[in-house]
2 protein chains.
Amino acid sequence: MPVSTSTDANVTCPVARSVDLVGDRWSLLIVRDAFDGVRRFSDFQRGLGVARNILSDRLRKLIEAGILELQTASDGTSYQEYVLTTKGESLFPVVVALRQWGERHLFAKGERHSLLIDKRTGKPVAQMLPRSGDGVVVPAGRTEVRKVVGG
Amino acid sequence: MPVSTSTDANVTCPVARSVDLVGDRWSLLIVRDAFDGVRRFSDFQRGLGVARNILSDRLRKLIEAGILELQTASDGTSYQEYVLTTKGESLFPVVVALRQWGERHLFAKGERHSLLIDKRTGKPVAQMLPRSGDGVVVPAGRTEVRKVVGG
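This is a predicted model, so every value here is computed, not measured.

What counts as what
Residues numbered from 1 in each chain as written. Chains lettered and ligands numbered in written order. Predicted model: local features only at pLDDT ≥ 70, side-chain atom pairs only at ≥ 80, totals over all residues. Heavy atoms only, no water. Least-squares fit on C-alpha atoms with pLDDT ≥ 70 in both. Contact = heavy atoms within 4.5 Å. Pairing = 2+ DSSP bridges. Helix = DSSP H or I, 4+ residues; strand = E, 2+ residues; numbered from the N terminus. Axes fitted to C-alpha atoms, helices over the stretch in contact; angles between N-to-C directions. pLDDT = per-residue confidence, 0-100.

1. Observations regarding the relation of the copies chain A and chain B
- When chain A is fitted to chain B, the residual RMSD is 0.0 Å, and the transformation amounts to a turn of 180° plus an axial shift of 0.0 Å. Each copy turns onto its partner about a two-fold axis. Of every C-alpha in chain A, the one belonging to A:D24 sits nearest the axis of rotation, 2.2 Å from it.
- Of the interface residues in chain A, 99% have counterparts in chain B that sit at the interface too, so the contact is made through matching surfaces.

So, in structure tokens, the structure goes:
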């Protein structure tokens, strides 16, 4: 078990478990590219500028984690393609949250950046914020982590 | 500039810029703990079970990134405390997205895990999903990244 989940609190923390699987730069960028339609090793490598051995390692771990799965090429060639599973697809809010934070805080005024567009409306996806069941935005300061009693 | 943003596409990608700052296990867990009220070096170290030199490095980088700032101890002692800036506070959706994915996919049926509670309602924060401006949920497959033309 990774060190980051070695403490009692982290064993029951969903953030820690998620971070243990996707909490590294390359895994997150691979998942991002998979959402953008990248499927082949050479395309991941070209887009990310990552060493082959590192890319191989991360792809293998993402498959072991059930986030990506291997499929034979959609064009009938002998290529193998890396495709998001349902579990991997449900990482979409994580990628969108990272994107929206970057859009708001990591670009200079007027600096160009890519946009995530809702094809139905043709407009950027709205700012994603935690909300209560009745739709009211929940600021971090109004939340608390309820520690569970083991067992 | 980190390798992960060395390609043209990544230079303009907000996900890549975010991942370059917080895309590692320790940084994400430090930010999580900061949201949970952890402020002191020794408390971060105890909670995370991380080596002092690694924790020092990550805290320094989070301060350089403007995500954490140093404050003198709230209790008047000589301790220094690490506190989220406004920029850091706006990482809340990232932490919540990681938490909710973990809750849904990384625990066995019936396995206990911590819960993020909205103190106003006393209930868990609702599932956070990307939505269009009119509130309709936007599935990943209905989005596209609009690449920007440089300059």
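Read on for the rest.
2. What about the sheet that holds strand β4 (residues 123-124) of chain B?
- Read across the sheet, three strands follow the order β5(A)-β3(B)-β4(B) without closing on themselves; strand pairing throughout is antiparallel. Every interior strand has two partners, whereas the edge strands, β5 (143-146) of chain A together with β4 of chain B, have only one.

3. Regarding the sheet that holds strand β5 (residues 143-146) of chain B
- Overall, antiparallel pairing links the three strands, which are arranged β4(A)-β3(A)-β5(B) in an open sheet. The sheet terminates laterally at β4 (123-124) of chain A together with β5 of chain B, the two strands that pair on one side only.
- Summarising the sheet, strand β3 (residues 115-118) of chain A and β5(B) pair through four bridges and their orientation is antiparallel. Looking at the pairing, A:I117 lines up with B:E144 of β5(B).
- Helix α7 (residues 92-105) of chain A rests against β3 of chain A together with β5 of chain B of the sheet, and its axis sits at about 125° to β3(A).

4. Regarding the confidence of the model for chain A
All names here are of chain A.
- Looking at chain A as a whole, its pLDDT mean stands at 90, while 92% of the residues score no less than 70.
- Averaged over each element, pLDDT in chain A is lowest for helix α1 (residues 8-11) (72) and highest for helix α6 (residues 86-89) (98).
- Taken over the whole predicted complex, pTM reads 0.91, whereas the ipTM for its chain interfaces reads 0.91.

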